[in-house]
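Breakdown of the fold
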Amino acid sequence: MIDHHLVEVGGIRLAYRASGPPDAPPVVLLHALGEDATDWEPVVPLLARSRRVYALDLRGHGRSNWPGDYSLELMRADVLRFLDALGLDRVDLIGHSMGGIVAYLLAQDHPQRVTRLVLEDVPVPRPREPNTPTRPDGNLTFARETVPAVRRQIDQPDPRWLVGLSRITAETLVVAGGPRSHVSQDGVAELARRIPGALMVTIPVGHLVTTQCRRRSPRWLRSSCRRRKASVLPANHERAYRR
């Protein structure tokens, strides 16, 4: 069963979904830009078998507050305050795309709070050519202002983010979406190389790895929530899980 909750952190309200045994080891899920906690529905039942799963709506998304002030650093601060509010000392952290950036920013600045880290098709923090996103059809479930605010930071990231990757101490798995993804796969591989001891796998289904793998056992997530085995390749090698 999934429980819906609200918590006040730093003057804003964050919405989150919790599932799994309350006394099980905690894992926190952070969604991509323009998504929300429902992005993780395909994998939550698997994780909740043995973990206490917390899926957040980041600020400006879903049922969380849309305060009008948006940045990746503010999202990082929100997640840290969320951990404090719930009394979560150390967690496993899984982030997709934008959520992965928030996750590695937290892991590099507060390494003592993150035990394991999974980064799903996350770009390395290097400057890139800006482009204009297409507005999706229908009613938005996120604040429109989040898109230019976050994309500016991804297009021209703070140079300290790249340097800070070397401070991450969590056991890290980097998941690449392969050639179908719009994210530079060379950049994803560089991200993995820069995190000490990181492992990398490629699931060639594109950027929306979790959604595209909803009908298959997501081995990359299952393996991320237990100790690494010698058969998993280091970041300077690449293992591809074919459909």
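Check the entry above for the structure.
Residues numbered from 1 in each chain as written. Predicted model: local features only at pLDDT ≥ 70, side-chain atom pairs only at ≥ 80, totals over all residues. Heavy atoms only, no water.

Once that is clear, we can look at the overall build of the chain. Along its length, the chain carries eight helices and nine strands. For the chain, the residues scored as buried account for 56% of the 243 residues in total. Considering only contacts in the chain between residues 6 or more positions apart, those separated by 24 or more positions represent 76%. (Helix = DSSP H or I, 4+ residues; strand = E, 2+ residues; numbered from the N terminus. Buried < 20%, exposed > 50% of the residue type's maximum accessible area, 1.4 Å probe, protein only. Contact = heavy atoms within 4.5 Å.)

The next thing to look at is the pairing of strand β8 (residues 199-202). For a regular strand, side-chain orientation follows a simple rule: the groups alternate between the two sheet faces. Of the two faces of β8, both are covered, the one formed by L199 and V201 as well as the one formed by M200 and T202. Here strand β7 (residues 171-176) pairs with β8 via four bridges, running parallel. If you follow A176 over to β8, its bridge partner there is T202. Since β7 and β8 lie parallel, the crossover through helix α6 (residues 185-194) that links them has a hand, and here it is right-handed. (Pairing = 2+ DSSP bridges. Right-handed = clockwise from strand over helix to strand, strands pointing away.)

Right, let's get into the pairing of strand β3 (residues 26-30). The buried count for β3 comes to five of five residues, which makes it a mostly enclosed element. Side-chain alternation along β3 places P26, V28 and L30 on one buried face and V27 and L29 on a second face that is also buried. As judged from the four bridges shared by β3 and strand β4 (residues 52-57), these two strands associate in the parallel manner. Within β4, the position partnered with V27 by the bridge is V53.

One finds L30, L56, L72, F82, Y104, L117 and L119 to be the most contacted residues of the largest nonpolar core, which totals 50 residues. In terms of residue count, helix α3 (residues 98-109) provides more of this core than any other element does, eight residues in total. In this structure L117 touches L93, A103, A107, I168, A170, E171, T172 and L173, once residues within four positions along its chain are discounted. By size, the runner-up hydrophobic cluster in this structure holds 19 residues, among which are A37, I94, V201 and V205. (Core = buried A, V, L, I, M, F, W, Y, C linked by side-chain atoms within 4.5 Å.)

The subject of this paragraph is the pattern of salt bridges. Side chains bearing opposite charge may pair, as long as their charged atoms lie close to each other. Using the criterion set out here, one finds twelve salt bridges in the structure. Across the pair D78 and R59 runs a salt bridge, and its minimum N-O distance is 2.6 Å. Separated by 19 residues along the polypeptide, D78 in helix α2 (residues 72-85) and R59 in the loop between β4 and α2 bring together distant segments of the chain. Residue classification places D78 among the buried positions, given a relative accessible area of 1%. Residue R59 is classed as buried on the basis of its relative accessible area, which comes to 6%. In this structure, R116 and E171 form a salt bridge, with 3.5 Å as the shortest nitrogen-oxygen distance. (Salt bridge = Lys/Arg side-chain N within 4 Å of Asp/Glu carboxyl O.)

Moving on: α2. The terminal C-alpha atoms of α2 lie 20 Å apart, and with 14 residues this matches the ideal 20 Å at 1.5 Å per residue to within 8%. Where α2 is concerned, the buried positions are L72, M75, R76, D78, V79, L80, F82 and L83. Phi for G87, located one or two positions after α2, is positive at around 70°. (Expected span 1.5 Å × (residues − 1).)

This part covers the side chain of R113. Mapped onto the secondary structure, R113 falls in the loop between α3 and β6 (114-120). At a separation of 3.0 Å, a polar atom in the side chain of R113 contacts the side chain of D84. Among residues more than four places away in sequence, those in contact with R113 are L80, L83, D84, L88, D89, R90 and V91. (Polar contact = N/O pair within 3.5 Å; in protein donor to acceptor, adjacent residues only side chain to side chain.)

Following the criterion strictly, the structure yields three aromatic pairs and no others. Their ring planes at 50° and their centres at 6.1 Å tell us that Y16 and Y54 sit as a pair that is tilted. Of this pair, Y16 sits in strand β2 (residues 12-19) while Y54 sits in strand β4, and the two are 38 residues apart along the sequence. You'll find Y16 and Y54 in the same group, each marked buried. Ring geometry for Y54 versus F82: centroids 6.1 Å apart, planes at 75°, classification edge-to-face. Here the residue Y54 occupies a position in strand β4, and F82 occupies one in helix α2, the gap between them amounting to 28 residues. Summarising the burial analysis for this pair, Y54 and F82 share the class buried. Through a chain of ring-to-ring contacts, the aromatic side chains of Y16, Y54 and F82 assemble into a single cluster. (Phe/Tyr/Trp six-rings, centres within 6.5 Å; stacked < 30°, edge-to-face > 60°.)

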